[in-house]
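Structure assessment
If you want the building blocks of each chain, they are given just below.
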Amino acid sequence: VLTSTGNAAISLDSTVNGAFALTVNTAGATIFGGVVGGTTALASVTTNAGGTTSLGGNVTTTGLQDFNDAVTLTANAILASTGNAAISLDSTVDGAFALTVNTTGATTFGGEVGGTTSLASLTTNGGGTTSIGGNVTTTGATTLNDTVTLSTDRIFTVGSLSLANVDGPGGLTAVVSGTTILGGNLGSGTSLAFLDITTGGDLDIPLSVNVVNNVVLTVADEFSFTGSLTAGGTVTVYADQTAPGVT
């Protein structure tokens, strides 16, 4: 446990290795300047709330990762738990770099992602779950390969969007400059409150969509809809082509 009782900065400017748990406690700045767990994965990594954490490289643990304070990316970063434990970013995440989270456990974004400085991209692997606790902004691709839960309404403002299964009870708004692929079931576990997609490229919806209220789909290019759509409100589609299956 690394602790500054005066809440000063704690900096690990180069690599960190070792099969043990690392906890950093300060309400000041926590800085990881290099790769963490690149040679020998750490057992876990935890930072306390109230300060900031800078990530300058990949972080690999066998167990959990829990970043309780605001995270800034200063380089592309892959956060991986080889033991498929939870990876939690409980506050905001910012930085003009790519973030990938790999675990078949639970991935949690507790706050806004890219709210101050847009991320270059955001990716999660398949097999786990992802909880989105704030809006998501990326200049490039947002690709969430595991089941996503929206506890409340969320806005994705991204370069391209690819989602697997998505459940509510929140609603989904997406403003996408490129292609949108909603490749899984939407609202099959818990219906989405609403669905509002504006995409500058193609929109592909191959499976089922279940929405409590309205659906609005605005598509600049091709619209492929081969699934089924159930909505409690109105369904509005602005596109060159539509598909059957709307109930």
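Not measured: the values here are computed from a predicted model.

1. Let's talk about the sheet that holds strand S7 (residues 59–61)
Read across the open sheet, the nine strands follow the order S7-S10-S13-S15-S18-S21-S24-S26-S29; overall the sheet is parallel. With one partner strand each, in any of the chains shown, S7 and strand S29 (223–225) form the two edges of the open sheet. Direction aside, the axes of adjacent strands within the sheet are offset by 5° on average. In the sheet, strand S21 (residues 160–163) pairs with strand S24 (residues 180–182) via three bridges, with the strands oriented parallel. Residue pairing in the sheet places Leu161 in a bridge with Thr180 of S24.

2. Considerations on the packing of aromatic side chains
Centre-to-centre distance and the angle between the planes together describe a pair of aromatic rings. On inspection of all chains with the given rule, the structure shows one aromatic pair. Seen from their ring centres, Phe223 and Phe225 are 6.1 Å apart, and the 15° between their planes marks the pair as stacked. Given the relative accessible area of 3%, Phe223 is considered buried.

3. Here's the deal with the sheet that holds strand S12 (residues 93–94)
Spatially, the five strands line up as an open sheet ordered S2-S4-S6-S9-S12, and their pairing is parallel. The sheet is open, and its two borders are formed by strand S2 (10–12) and S12, each paired with just one other strand. As paired strands, strand S6 (residues 52–55) and strand S9 (residues 70–73) are joined by four bridges and run parallel to one another. Residue Thr52 lies in a different strand from S9, and its bridge partner there is Ala70.

4. Quick word on the environment of Gly187
Position of Gly187 relative to the elements: it lies in the loop between S24 and strand S25 (195–199). A residue is classified by how much of its surface remains accessible, and Gly187, at 3% relative accessible area, is buried. The sequence separation of Gly187 and Phe97 amounts to 90 residues, and the corresponding C-alpha distance is 31 Å. In this view, Gly187 contacts Val166, Asp167, Leu192 and Asn210; residues no more than four positions away in its chain are not counted.

What counts as what
- Residues numbered from 1 in each chain as written.
- Predicted model: local features only at pLDDT ≥ 70, side-chain atom pairs only at ≥ 80, totals over all residues.
- Heavy atoms only, no water.
- Pairing = 2+ DSSP bridges.
- Helix = DSSP H or I, 4+ residues; strand = E, 2+ residues; numbered from the N terminus.
- Axes fitted to C-alpha atoms, helices over the stretch in contact; angles between N-to-C directions.
- Phe/Tyr/Trp six-rings, centres within 6.5 Å; stacked < 30°, edge-to-face > 60°.
- Buried < 20%, exposed > 50% of the residue type's maximum accessible area, 1.4 Å probe, protein only.
- Contact = heavy atoms within 4.5 Å.

Note that all results are geometric; they support no functional claim without further evidence.
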